[in-house]
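Structural overview for review
Spelled out from the first residue to the last, the chains are:
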Amino acid sequence: MSERVSIVLPCLNEIATVASVVTEAKEALCRAGVEGEVLVVDNGSTDGSPEAAAAAGARLIHERRRGYGAAYLGGFAAASGDVIVMADADGSYDLAALPAFLERIRAGDQLVMGSRFQGHIARGAMPWTHRYIGSPVLSGLLNVLYRTGVDDAHCGMRAFRRDALPELRLHMPGMEFASEMVVNAARAGLRIGEVPVDYRVRGGRSKLRTVPDGWRHLRFLMLYSPTHLFLLPGLVLLLLGLLFLLILLPGPVVVLGRLFDIHVMVLGALLALVGFQILTIGLYAKTLAVTLRLQPMDRTLRVLRRVFSLERGLAAGAALFLIGFGVDFGIAARWVASGFGPLNEVRPALFALVAMLLGMQIVFSSFFLFTIELQVREPA
Ligand SMILES: Nc1nc2c(ncn2[C@@H]2O[C@H](COP(=O)(O)OP(=O)(O)OP(=O)(O)O)[C@@H](O)[C@H]2O)c(=O)[nH]1
Ligand SMILES: [Mg+2]
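Here is what the cut-offs are and how they apply
Residues numbered from 1 in each chain as written. Chains lettered and ligands numbered in written order. Predicted model: local features only at pLDDT ≥ 70, side-chain atom pairs only at ≥ 80, totals over all residues. Heavy atoms only, no water. Domains from an automatic or database assignment. Contact = heavy atoms within 4.5 Å. Buried area = accessible area lost by both parts, 1.4 Å probe. Salt bridge = Lys/Arg side-chain N within 4 Å of Asp/Glu carboxyl O. Polar contact = N/O pair within 3.5 Å; in protein donor to acceptor, adjacent residues only side chain to side chain. Nonpolar A, V, L, I, M, F, W, Y, C, P; charged D, E, K, R; others polar. Near = heavy atom within 4 Å. Areas by Shrake-Rupley, 256 points an atom, 1.4 Å probe, with all protein chains shown as cover. Core = buried A, V, L, I, M, F, W, Y, C linked by side-chain atoms within 4.5 Å. Buried < 20%, exposed > 50% of the residue type's maximum accessible area, 1.4 Å probe, protein only. Helix = DSSP H or I, 4+ residues; strand = E, 2+ residues; numbered from the N terminus.

1. Focus: the domain arrangement of the chain
When cut into domains, the chain gives domain 1 (5-223) and domain 2 (226-376). Taken over C-alpha atoms, the centre of domain 1 sits 46 Å from the centre of domain 2. If you look at the interface, domain 1 gives five residues, while domain 2 gives seven residues. Here domain 1 and domain 2 share an interface that buries about 550 Å² over both sides, 54% of which is from carbon and sulfur atoms. It is Leu145, Arg169 and Arg187 that lose the most area in domain 1 upon contact with domain 2, and together they represent 67% of the buried surface on that side. Scanning the region where domain 1 abuts domain 2 turns up zero salt bridges. The interface formed by domain 1 and domain 2 includes one residue pair in polar contact (both at pLDDT 80 or more). Of the residues belonging to the side of domain 1 that touches domain 2, the class tally is three nonpolar, no polar and two charged.

2. A look at the site of ligand 1
Around ligand 1 sit 19 residues in total, of which Glu14, Asn43, Tyr199, Ser206 and Lys207 are the nearest. In the environment of ligand 1, an oxygen atom lies 3.2 Å from a nitrogen or oxygen atom belonging to the backbone of Gly67. At 2.4 Å from an oxygen atom of ligand 1 is found a side-chain nitrogen or oxygen belonging to Tyr199. For ligand 1, whose free accessible area comes to 620 Å², the fraction covered by protein is 91%.

3. Section: the nonpolar core
The tendency in soluble globular proteins is for nonpolar side chains to be buried side by side. Formed by 36 residues in total, the largest nonpolar core has its most connected members in Leu9 and Met157. Of all the elements in the fold, those that place two or more residues in this core are strand S1 (5-11), helix H1 (18-32), strand S2 (36-42), strand S4 (83-86) and helix H4 (98-106). Tallying contributions element by element places H1 first for this core, with six residues. In this view, Leu9 contacts Val21, Val22, Val38, Leu39, Val40, Val41, Ala87, Asp88 and Ala89; residues no more than four positions away in its chain are not counted.

Rendered as structure tokens:
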């Protein structure tokens, strides 16, 4: 098969290496026996590296927006190949791995990730903080949250079929682009392959800033999954709060010789209310993302749509509110009946307060959820 291959190299001030990387890329194409092109994408170099890249025979692309992700987005739009291969312009990736990537693509993988951990990492190529802290923590979190099964989620050498690009839904402008690509590929159910790549010591200065770029990855991973950021923590807090409230409603409880009383019930009220708020924010975020088609429909939302309707939400909210109101009414009636004597009904009053607040929240969050669906839906 002779597909056309575009090797895309983002480049920001890599004068020390870019020309030799372009040459290496052209040789790799030649050796792999494929037609292709080498693109270098610049968006702000001041050291003459774009000119050096062009002189070495690269097609030069200028991207207006700054950042690693933005450079790739510009490069992908300009690339003419059926297969797009990504690598750094800093000389760190051994492009001799190209045939292995193409082999996986021909075997049907839609995204092929390099893995530096399966290859050889030269001494000094990766600072220990990245190798033993940043990379395992961020890759681990990415895999727990998104189950991609990829072991080196930040590897900069990758390949994919151009026709997979719409499914990859790439937007992010910075280094978090690397995470976005893997996460979206897994979400879209693309077949992801992995091949070992060797990682060499880069020439020039690294553009990766450990803390700000690590944080960009982390915030992307959190913001992209309302289920883990909101729904699960919200649900856990809500259930814990309700448990405290209900167990302590009849009276104090002794556990391991310690007395748990009103104060723990107050804590329960706090947890239940905060938990419910977080939970509903998660539902709004998820509904919005699915309605705007930024995310595919998932199981949680599908189940919710089956069991939940605006009318059911309103009915449940109103019922809960009335229960709380009834309890408070009973307290008030007993107070009046006792001739406005001393009153000590903190337990049921606390329970009633939570029931009424949750009831009102359920009513208005139901309205809000259906407002999103009604007003945000794209015209058919
Ligand atoms: N056009 C462009 N290229 C960028 C930008 N930031 C980084 N790059 C390039 O993207 C590639 C990856 O950046 P690096 O600094 O190598 O980051 P890294 O590979 O994660 O870190 P190192 O292991 O230190 O190399 C390099 O070729 C950079 O020149 C940018 O804002 N614009
Ligand atoms: Mg690099």
